[in-house]
Amino acid sequence: MLAKDSFSSYQNLAIEVQDNGVCVVTLDRPSKRNALDTATIEELVQFFSSAHRKGVKAVVLAGKGDHFCAGLDLVEHWKEDRTPDEFMHVCLRWHEAFNKMEYGGVPVIAALQGAVVGGGLELASAAHIRVMDQTTYFALPEGQRGIFTGGGATIRVSDLIGKSRMIDMILMGRVYQGQEAVDLGLAQYITDGSSFDKALELANRAAENLPLTNYAICSAISHLNNMSGMDAAYAEAVVAGVVNTQPAARARLEAFANKTAARVRPND
């Protein structure tokens, strides 16, 4: 079982370990609208580098207060007055954190509210599932700030909504919210109530899956999408060969064969 004190050395992330292996990871800088400074990025790298190895079965990623994340800590960036080389390496650490999320093999469900802006949207887009509430709004205001995306928007946000819409968001400062944001792919779920409650429900459900199966879903799919069609087909067959013959799956397959497993039914 995952120890309750497995993650006790964090300052900018509040981490709660539940009995079923689900971790609630909360950005804990509400006075800054949970803007991402270098210390927070380092903590994200640290957490997601070890989550699978420590036995985390699923993650709810949330923001404390009224906002999920307002993006890059612009005050820190302004005060640091970085050289191009220095900021390039800042960006590379962002990519390290977000790649650990996307490719780490642990389901990450983001609970979104308020601002999901700039780097906050880059962070959210690295999650496997995004749940928004009625207060959530998405934007890439870098164009108006005189800066450019550095945490993967040109990759992940473009993949979610298409290159043209991503360019429009950053060029014009366009804001998306409500059902339109879901229809575009910025989130998969929208709730009238708490996005956190829905995200936790989904994380608990994901944690019931076999860990190796979740690893394939939350790592292999992203890798496969980076490959050519022929390479992806071969790699998918290899992954399926490993996952679909795992001993832990035998009982679940037997339940299906014996008609005692839950069946897939239409939604009510």
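Structure: see above.
Since this is a predicted model, take the numbers as computed values, not measurements.

(A) Representation of the sheet that holds strand β6 (residues 129-133) within the structure. With mixed pairing, 6 strands are arranged side by side in an open sheet as β1-β2-β3-β4-β6-β9. With partners counted over all chains shown, the strands left at the sheet margins are β1 (13-17) and β9 (189-191), one partner each. Ignoring strand direction, the axes of neighbouring strands in this sheet form an average angle of 20°. When strand β4 (residues 108-112) meets β6, the two strands line up parallel, connected through 4 bridges. When the bridges of β6 are listed, L112 appears paired with M132. With respect to the sheet, helix α9 (residues 195-207) is in contact with β2 (22-27), β3 (58-63), β4, β6 and β9, its orientation differing from that of β4 by roughly 170°.

(B) Structural view of helix α6 (residues 153-161). Restricting attention to buried positions, one finds in α6 the residues A153, R156, V157, S158 and I161. Buried residues along α6 sit in contact with α3 (84-103), α4 (119-125), α7 (163-172) and α8 (178-184). G162, located one to two residues past α6, shows a positive phi value of around 100°.

(C) Main features of the sheet that holds strand β7 (residues 137-139). Strand order in the open sheet formed by 3 strands is β5-β7-β8, and the pairing between neighbours is mixed. Each edge of the open sheet carries a strand with a single partner, namely β5 (115-117) and β8 (175-177). Sheet twist, expressed as the average angle between the axes of neighbouring strands with direction ignored, equals 25°. As paired elements, β5 and β7 share 3 bridges and run parallel to each other. Its bridge partner lying in β7, A115 is registered against Y137.

(D) Focus on a nonpolar patch on the surface. On the surface, L212, Y215, Y234, V238 and V242 cluster together into a nonpolar patch covering about 470 Å² of accessible area. Elements that contribute at least two residues to the nonpolar patch include exactly α10 (211-225) and α11 (229-243). Considering each element in turn, the nonpolar patch owes the most residues, 3 residues, to α11. Within the element layout of this structure, L212 appears in helix α10.

(E) Expanded view of empty space enclosed by the protein. Across all of its chains, the model carries 1 cavity of 30 Å³ or more by this definition. By volume, the largest cavity is sized at about 40 Å³. Lining the largest cavity we find F48, A51, H52, K100, M101, G104, G105 and V106. Residue assignment for the lining of the largest cavity shows that the elements contributing at least two residues are α1 (38-54) and α3. Here the element with the most residues in the lining of the largest cavity is α1; it accounts for 3 residues. Residue composition of the lining of the largest cavity, grouped by class: 4 nonpolar, 3 polar and 1 charged.

(F) Inspection of unusual backbone geometry at higher detail. Notably, D81 is not glycine yet its phi reads approximately 50°, a positive angle. Considering the arrangement of structural elements, one finds D81 in the loop between α2 (74-80) and α3. By relative accessible area, which is 63% here, D81 ends up exposed. Its identity as a non-glycine residue notwithstanding, K259 has a phi of 60°, on the positive side. Looking at the secondary structure, you find K259 in the segment after α12 (250-257). What makes K259 exposed here is its relative accessible area of 66%.

How each quantity is defined
- Residues numbered from 1 in each chain as written.
- Predicted model: local features only at pLDDT ≥ 70, side-chain atom pairs only at ≥ 80, totals over all residues.
- Heavy atoms only, no water.
- Pairing = 2+ DSSP bridges.
- Helix = DSSP H or I, 4+ residues; strand = E, 2+ residues; numbered from the N terminus.
- Axes fitted to C-alpha atoms, helices over the stretch in contact; angles between N-to-C directions.
- Contact = heavy atoms within 4.5 Å.
- Buried < 20%, exposed > 50% of the residue type's maximum accessible area, 1.4 Å probe, protein only.
- Patch = residues over 30% accessible without salt bridge, like charges linked within 9 Å, V, L, I, M, F, W, Y side chains within 5 Å.
- Areas by Shrake-Rupley, 256 points an atom, 1.4 Å probe, with all protein chains shown as cover.
- Salt bridge = Lys/Arg side-chain N within 4 Å of Asp/Glu carboxyl O.
- 1 Å grid on protein atoms, 1.4 Å probe; cavity = no way out; pocket = protein on both sides within 12 Å on 5 of 7 lines; lining within 4 Å.
- Points joined across faces, edges and corners; volume = space filled by probe spheres on them.
- Nonpolar A, V, L, I, M, F, W, Y, C, P; charged D, E, K, R; others polar.

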